Amino acid sequence: MLYSNVTAEEKRVAFREALAADEVAQFPGAFTPLSTKLIQEQGFEGVYISGGVLANELGLPDIGLTTLTEVATRAGQIARTTDLPCLVDADTGFGEPMNVARTIQELENAGLAGCHIEDQFNPKRCGHLDGKNVVDEETAVKRIRAAVEARRDSNFVIMARTDIRGVDGFDAALERAQKLADAGADAIFPEAMADLAEFEAMASNLDVPVLANMTEFGKSQLFTKQQLQDAGVSMIIYPVTLQRQAMGAIERVLSAIRTQGTQESEVDNMLTRARLYELVDYNAYNQFDTGVFNFEVPGKPLA
Ligand SMILES: C[C@](O)(C(=O)O)[C@H](CC(=O)O)C(=O)O
Ligand SMILES: [Mg+2]
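As the structure is a computational prediction, the values presented were derived from the model and not from experiment. (Residues numbered from 1 in each chain as written. Chains lettered and ligands numbered in written order. Predicted model: local features only at pLDDT ≥ 70, side-chain atom pairs only at ≥ 80, totals over all residues. Heavy atoms only, no water.)

**A closer look at the layout of surface pockets**
Using a probe with the size of a water molecule, rolled over the atoms, empty space left in the structure can be pinpointed.
And step 1. In this structure, the largest pocket spans a volume of roughly 800 Å³.
And step 2. Considering the residues around the largest pocket, the lining is formed by 24 residues, among which F31, L38, A246, A249 and L271 are closest to the centre.
And step 3. Those elements giving two or more residues to the lining of the largest pocket turn out to be α2 (35-41) and α11 (241-260).
And step 4. The element that contributes the greatest number of residues to the lining of the largest pocket is α11, accounting for eight residues.
And step 5. In terms of residue class, the lining of the largest pocket is made up of 15 nonpolar, seven polar and two charged.
And step 6. What lines the second largest pocket is a set of 25 residues, and nearest its centre among them are D62, C126, T215, V240 and R244.
And step 7. Here the lining of the second largest pocket gets three residues from one element, more than from any other, and that element is helix α3 (residues 51-57). (1 Å grid on protein atoms, 1.4 Å probe; cavity = no way out; pocket = protein on both sides within 12 Å on 5 of 7 lines; lining within 4 Å. Points joined across faces, edges and corners; volume = space filled by probe spheres on them. Helix = DSSP H or I, 4+ residues; strand = E, 2+ residues; numbered from the N terminus. Nonpolar A, V, L, I, M, F, W, Y, C, P; charged D, E, K, R; others polar.)

Below is the structure:
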């Protein structure tokens, strides 16, 4: 009811445990606060909050237009609905190293379990597109150092993402990842790995956990959980999957309404009213007032 009763501190501990576990942790990308309920019900280890999804939801491309305030606010709304730890995409950290420091403290305040900071420069782009630009090693390292020094909860996970693979190749990516881990990053997000062998080489050469980004229509094949686990990866994100799926369903129902004059053909694919009420725990609010949930007629449950 209302919000999660698990504290941010507890979620950060759970995130660290998930990263250290033998089994690879799966974090689907929540595209709304409500969608975390479904993620939690399926037993996933955590929730990812994508910068791309957040920008797209505002009708914007993922090129660094969103602000820290927008990201921290939305990520906080998502995080408070779930008992699971949430990892948020903090893009390039929203500015200079001093801005990165402030970003970390705002995200801690918003109840996140961790975030990742990348080494692109603005205007940034999806890591699976060509033509990216990355900052030099010194700047990338400074961002991570600033992040690590700024955090007040030592369990808040600071993950470094490097986009250099698509610019200078795998060896440069491994070298950059090692430098970022030395700078204090708790985990590494090597963006746009070309194949499973690259994930494997990254994981075996680093002392910190490695994340695999299983975004659709990108540069990496959609490897299974088992394949990535065997490659030594510690966690997997499915950043835009729910948004793509939901928008596909929305497109279909709108077309049905327009062409058939009714949504009838799509109703079987919808979440029912009863299921929706279950997800928001409607019934439980009777604890405050027994008149809140008293519209069910005996013997005639809600559809
Ligand atoms: C992970 C990512 O940073 C995101 O914002 O979700 C994107 C995902 C995507 O655009 O498919 C990325 O840069 O990989
Ligand atoms: Mg992103």
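Now that the structure has been shown, we can carry on.
**What to know about the environment of R176**
And step 1. Along the chain, R176 falls in helix α8 (residues 170-182).
And step 2. Distance in space between the C-alpha atoms of R176 and T92 is 15 Å, their sequence separation being 84 residues.
And step 3. Apart from the residues within four sequence positions on either side, R176 is in contact with D119, V135, D136, E137, A140, T162 and I164. (Contact = heavy atoms within 4.5 Å.)

**Some thoughts on the nonpolar core**
And step 1. Residues I49, L112, F199 and M202 are the most contacted members of the largest nonpolar core, which totals 56 residues.
And step 2. Top contributing element to this core by residue count: helix α4 (residues 68-79), with six residues.
And step 3. With near-sequence residues (within four places) excluded, F199 lies in contact with M193, L211, A212, M214, S220, F223, L228, A231 and V233. (Core = buried A, V, L, I, M, F, W, Y, C linked by side-chain atoms within 4.5 Å. Buried < 20%, exposed > 50% of the residue type's maximum accessible area, 1.4 Å probe, protein only.)

**Topic: the packing of aromatic side chains**
And step 1. Tallied over the entire structure, the rule returns four aromatic pairs.
And step 2. In this arrangement the basic side chain of R161 is found over the ring face of F189, its NZ or CZ atom lying 5.0 Å from the centre. (Phe/Tyr/Trp six-rings, centres within 6.5 Å; stacked < 30°, edge-to-face > 60°. Lys NZ or Arg CZ within 6 Å of the ring centre and 35° of its normal.)

**A look at the sheet that holds strand β1 (residues 25-28)**
And step 1. With respect to topology, three strands assemble into an open sheet ordered β1-β8-β7, the strand pairing being parallel. One side of each edge strand has no neighbouring strand; the edge strands of this open sheet are β1 and β7 (211-213). The sheet shows a mean angle of 20° between the axes of neighbouring strands, direction not considered.
And step 2. One ladder, built from three bridges, connects β7 with strand β8 (residues 235-238); its direction is parallel. Residue pairing in the sheet places A212 in a bridge with I236 of β8. (Pairing = 2+ DSSP bridges. Axes fitted to C-alpha atoms, helices over the stretch in contact; angles between N-to-C directions.)

**Concerning a nonpolar patch on the surface**
And step 1. On the surface, a nonpolar cluster with roughly 360 Å² of combined accessible area is contributed by L34, L38, L271, L276 and V280.
And step 2. Take V280: it is sitting in the segment after α12 (273-279).
And step 3. With a relative accessible area of 38%, V280 lands in the partly exposed category. (Patch = residues over 30% accessible without salt bridge, like charges linked within 9 Å, V, L, I, M, F, W, Y side chains within 5 Å. Areas by Shrake-Rupley, 256 points an atom, 1.4 Å probe, with all protein chains shown as cover. Salt bridge = Lys/Arg side-chain N within 4 Å of Asp/Glu carboxyl O.)

Keep in mind these numbers describe shape, not what the thing actually does.
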